[in-house]
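Here are the chains, one letter per residue:
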Amino acid sequence: MKYALLLAGLIAAISSFATNSTHLTAWNGSEYVPIFIKGVNLGVSVPGTFPGELAATSRDYKNWFEQIHEAGFNCIRLYTLHYPRFYDELKSYNEAHPQTPLYFFQGVWLEEEVPNYNHDLFFLTNYFHREMEENVGAVHGDIQIGQRFGKAYGSYTSDVSDWCVGYLMGREIYPEEVWNANASHPTFTQYNGAYLSIAGADPAEAWLVAQMDSLIQHEWNQYATMRPVSMSSWPTLDPLPHPVETHREEDSAQVDLSKVDISKAPAGLFVSYHAYPYYPDFISATPQYRSFSDQYGMNSYLGYLTDLKNHYPNLPLIIAEFGVPSSWGVAHYSASGMNHGGHTEEEQGVLGARMLHNIETAQCGGGIYFA
């Protein structure tokens, strides 16, 4: 018992946040306590502007943080670097609310529109490393970024690392990016990093692990700390077989992070998926999934989440996007009635709560409501 406490204390000196097999955890001074993530994605589009303008003001952020807390969320997800005013306002908010701070996941965007991109992930390595260094520096309030078009910049001086629960890297990677990476680098089937390793992997998987390991190394070398990391994914790339899927491109590539060796990573690794009830079609069509139900009735979404978590028994699974739209039209129908549109705002709220309960029931570590 004393050894276990000593070990936990040593890990805490390295990271305020870590993982167990189901949850991200936070150090409370004597032990790591599980956090069930009730998150919301935070973009920076405001009416009358383009997303790339990053036009949210300090007052916008201040108001949003209050509303996010009042709505019951405990965490924010960023997809990319925001202007310094986000980090300034988050620090002010959390220092004013020390008992109920807002945690956040810092995103590290994986570029997709770069000159001569050949849809081979390895081509993006240098771009990705630059993003890592900028985002880690911003989290620690320790970077100056010159003016540029379409991306945040400025003087980042607010250290918000105390509330950064992890790095959620990348975006939804397309099957062709996986195919091309695997075909172009057939011998890159293992990676032995300082903190993360993988063997018997496809080249795309080994590349992703190398990128996460690089971020951990950079934060440790610069700031003598580390935190959990993940790589964004979606059902199109899950490692499960889906023979009923009629659109075969939705089951033609996979990325499996269950094979990652995290024994040298004290802060750990979590897996994250953007997962909705209505897409791809296999979520509604798979008989095994349709056998699941909740208090509202048949629920193939719960079936899919359960199957996905069963594939990752030793790593936390965070559903990094979920929700349903309140649009008039319906783009996709779901067997559970949680369709891609066609809901009133009241129904949207009820179904959002339903999905979060499903996420918890499936033993996932939490969910992040989309936008």
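This text goes with the structure placed above it.
Residues numbered from 1 in each chain as written. Predicted model: local features only at pLDDT ≥ 70, side-chain atom pairs only at ≥ 80, totals over all residues. Heavy atoms only, no water.

(A) Quick peek at the pattern of salt bridges. Enumeration according to the criterion identifies 9 salt bridges in this entry. Lys91 serves as the salt-bridge partner of Glu95, at 3.1 Å between the closest nitrogen and oxygen. One end of the pair is Glu95 and the other is Lys91, both in helix 3 (residues 84-96) and 4 residues apart, which spans about a single turn. Taking relative accessible area as the criterion, Lys91 reaches 24% and is therefore assigned partly exposed. Linking Glu219 and Arg227 is a salt bridge whose minimum nitrogen-to-oxygen distance equals 3.1 Å. Judged by its relative accessible area of 5%, Arg227 falls in the buried class. Salt bridges sharing partners connect three or more residues here, namely Glu111, Glu131 and Lys151. (Salt bridge = Lys/Arg side-chain N within 4 Å of Asp/Glu carboxyl O. Helix = DSSP H or I, 4+ residues; strand = E, 2+ residues; numbered from the N terminus. Buried < 20%, exposed > 50% of the residue type's maximum accessible area, 1.4 Å probe, protein only.)

(B) Inspection of the sheet that holds strand 4 (residues 37-41) at higher detail. Strands sit in the order 4-5-6-9-12-13-16-17 around a closed barrel of 8 strands; the barrel is parallel. Averaged over neighbouring strand pairs, the angle between their axes works out to 25 degrees when direction is ignored. Pairing of strand 5 (residues 75-77) with strand 6 (residues 103-108) involves 3 bridges; the strand directions are parallel. Within strand 6, the position partnered with Arg77 by the bridge is Phe105. (Pairing = 2+ DSSP bridges. Axes fitted to C-alpha atoms, helices over the stretch in contact; angles between N-to-C directions.)

(C) Structural context of the packing of aromatic side chains. Counted by the stated rule, this structure contains 23 aromatic pairs. Here Phe86 and Phe104 contribute two aromatic rings whose centre-to-centre distance is 6.2 Å and whose plane-to-plane angle is 70 degrees, an arrangement assigned as edge-to-face. Within this pair, whereas Phe86 is found in helix 3, its partner Phe104 is found in strand 6, the two being separated by 18 residues in sequence. Exposure remark for Phe86: the relative accessible area of 0% places this residue in the buried category. When its relative accessible area of 0% is taken as the criterion, Phe104 is described as buried. Ring geometry for Phe282 versus Tyr304: centroids 5.9 Å apart, planes at 50 degrees, classification tilted. Of this pair, Phe282 sits in helix 7 (residues 282-285) while Tyr304 is found in helix 9 (residues 300-311), placing the two residues 22 residues apart along the sequence. With respect to class, Phe282 is no different from Tyr304; both count as buried. Three or more aromatic residues link up through ring pairs in this structure, and these residues are Tyr61, Trp64, Phe65, Phe86, Tyr87, Tyr93, Phe104 and Tyr156. One Lys or Arg, Arg77, reaches over the ring of Tyr79 and ends 4.0 Å from the middle of that ring. (Phe/Tyr/Trp six-rings, centres within 6.5 Å; stacked < 30°, edge-to-face > 60°. Lys NZ or Arg CZ within 6 Å of the ring centre and 35° of its normal.)

(D) Structural view of the environment of Lys259. Its location among the elements puts Lys259 in the loop between strand 12 (229-233) and strand 13 (271-274). With near-sequence residues (within four places) excluded, Lys259 lies in contact with Ser197, Ile198, Gly200, Ala201 and Glu205. (Contact = heavy atoms within 4.5 Å.)

(E) Up close: helix 4 (residues 125-139). Taking 1.5 Å of rise per residue, 15 residues should cover 21 Å, and helix 4 covers 21 Å from first to last C-alpha, within 8% of that figure. Positive backbone phi, at 60 degrees, marks Gly141, one or two positions downstream of helix 4. (Expected span 1.5 Å × (residues − 1).)

(F) A look at unusual backbone geometry. The peptide bond linking Tyr279 to Pro280 adopts the cis configuration, its omega dihedral lying at -10 degrees. Mapped onto the fold, Pro280 is located in the loop between strand 13 and helix 7. Positive phi is not limited to glycine here, since Leu54 has a value of about 50 degrees. As for its position among the elements, Leu54 is in the loop between strand 4 and helix 2 (58-70). Judged by its relative accessible area of 7%, Leu54 is buried. One non-glycine residue with positive phi stands out, namely Ala224, at about 55 degrees. The exposure class assigned to Ala224 is partly exposed, which follows from its relative accessible area of 45%.

(G) View of the sheet that holds strand 1 (residues 17-19). Spatially, 1-2-3 is the arrangement adopted by the 3 strands of the open sheet, whose pairing is antiparallel. Edge positions in the sheet fall to strand 1 and strand 3 (32-35), since each has one partner strand and no second. Taken pair by pair, the neighbouring strands of this sheet meet at an average axis angle of 40 degrees, ignoring direction. Across 3 bridges, strand 1 lies against strand 2 (residues 24-27) in antiparallel orientation. Opposite Thr19, over in strand 2, you have Leu24 as the bridge partner.

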